[in-house]
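A closer look at the structure
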Amino acid sequence: MKRSKKGLSYAEAHNKAVNSYKKVSMFMLWGGLLNIFALIIGIVQISTNNVIESLPYSWPTSGFAMTYSIQIFFSNILLSSIDSLAANLISVVIALILSTGFGVLSMFASRGRLACLISGMSLYAIDFVFMFFLYKYFAPYIWTNYAFTLATHVVILASQIYALAQYYNVLNIEKRYKGNNNNKTKINTKEEIESEVIANGK
């Protein structure tokens, strides 16, 4: 006789979905860290004269590849209009502002703030669309930069869409198990708090 497969308890289903949501919702934070890291690579390349010689201003042969499109845009404008040192310093400030902003959205999103998740995902989607105009009209087209920028945006944006799906998956789990008061698995306070955070967006 075949043994029937035991289904997940409320706590198991809830925790699995919540943990998955928390992990992928933090990808916006990694995007911010990549933004700063890639900018540093670009600045190092400029300082070591690793630039494209045919351009009228200093542009690194790689680097800037995993940054936000708006970061590449500002860096492009700055490098072509002012002193390289000043351009680098201003670019770092812009990178810190952008990365901090997305990092804060990511932190609050991981705590169940749906508005922060949607805001971050929407801003990153706009940045993704802007990327195509950026490489066509503003930044020099370097296929390696373009490929890395495209891949980074696709991965992070896909992770946020998955996070949104997991958010509603938690809501669905809450709804499914809410009426089973007699057979409901008792969960500890931390898990209950996590449940309320996701369900109510507090």
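Everything below is about the structure printed above this text.
A brief structural summary. (Residues numbered from 1 in each chain as written. Predicted model: local features only at pLDDT ≥ 70, side-chain atom pairs only at ≥ 80, totals over all residues. Heavy atoms only, no water.)

Observations regarding the packing of aromatic side chains
For the structure shown, the criterion picks out 10 aromatic pairs. Look at Tyr135 and Tyr146: their rings are 5.3 Å apart centre to centre, the planes differ by 85°, and that puts the pair in the edge-to-face class. Residue Tyr135 is located in helix H5 (residues 114-138), and its partner Tyr146 is located in helix H6 (residues 143-178); the two are separated by 11 residues in the primary sequence. The buried category is assigned to Tyr135, whose relative accessible area is 6%. Here the aromatic cluster, defined as three or more aromatic residues joined through ring pairs, consists of Phe73, Phe74, Phe130 and Phe138. (Phe/Tyr/Trp six-rings, centres within 6.5 Å; stacked < 30°, edge-to-face > 60°. Helix = DSSP H or I, 4+ residues; strand = E, 2+ residues; numbered from the N terminus. Buried < 20%, exposed > 50% of the residue type's maximum accessible area, 1.4 Å probe, protein only.)

A short note on the environment of Phe138
Looking at where Phe138 falls in the secondary structure, it is placed in helix H5. Distance in space between the C-alpha atoms of Phe138 and Phe74 is 9.8 Å, their sequence separation being 64 residues. Setting aside its immediate chain neighbours within four residues, Phe138 contacts Tyr57, Phe73, Asn76 and Phe133. (Contact = heavy atoms within 4.5 Å.)

Re the packing of helix H3 (residues 69-81) against H5
At a minimum axis separation of 8 Å, H3 and H5 run at an interaxial angle of 30°. With respect to H5, the axis of H3 lies roughly parallel. Between H3 and H5, the residues in contact are Ser69, Ile70, Ile72, Phe73 and Asn76 and Asp127, Phe130, Met131, Leu134, Tyr135 and Phe138, respectively. (Axes fitted to C-alpha atoms, helices over the stretch in contact; angles between N-to-C directions. Parallel < 35°, antiparallel > 145°, perpendicular 65-115°, else oblique.)

As for the packing of helix H4 (residues 84-110) against H5
Close contact between H4 and H5 brings their axes to 8 Å; oriented N to C, the two are set at 145°. In the crossing of H4 with H5, the sense of the turn from one axis to the other is left-handed. From H4, Phe102, Leu105, Phe108 and Ala109 reach across to H5, where they touch Cys116, Leu117, Ser119, Gly120, Leu123 and Tyr124. In terms of residue class, the contact of H4 with H5 is made up of 8 nonpolar, 2 polar and no charged. (Left-handed = near helix turned anticlockwise from the far one by under 90°. Nonpolar A, V, L, I, M, F, W, Y, C, P; charged D, E, K, R; others polar.)

Some remarks on a nonpolar patch on the surface
Taken together, Ile77, Val129, Phe132, Phe133, Tyr137 and Phe138 make up a surface patch of nonpolar side chains, about 590 Å² in accessible area. Examining the composition of the nonpolar patch, we find that 5 residues originate from one element, H5, more than from any other. Mapped onto the fold, Val129 is located in helix H5. Among the residues examined, Val129 registers a relative accessible area of 46% and is labelled partly exposed. (Patch = residues over 30% accessible without salt bridge, like charges linked within 9 Å, V, L, I, M, F, W, Y side chains within 5 Å. Areas by Shrake-Rupley, 256 points an atom, 1.4 Å probe, with all protein chains shown as cover. Salt bridge = Lys/Arg side-chain N within 4 Å of Asp/Glu carboxyl O.)

What to know about helix H2 (residues 27-47)
Helical geometry: 3.6 residues make up each α-helical turn, so side chains three or four residues apart lie on a common side. Here H2 contains 21 residues, and its C-alpha end-to-end distance of 30 Å stays within 8% of the 30 Å for a straight helix at 1.5 Å per residue. Looking at H2, one finds that the buried residues are Met28, Gly31, Gly32, Asn35, Ala38, Leu39, Gly42, Ile43, Gln45 and Ile46. Considered in projection along H2, the buried side chains sweep an arc of 160° and stay on one side of the axis. H2 presents Trp30 and Ser47 as exposed residues on the side facing more than 90 degrees away from its buried surface. In the stretch just after H2, Asn49 is the one whose phi turns positive, near 60°. (Expected span 1.5 Å × (residues − 1). Arc of directions from axis to C-beta.)

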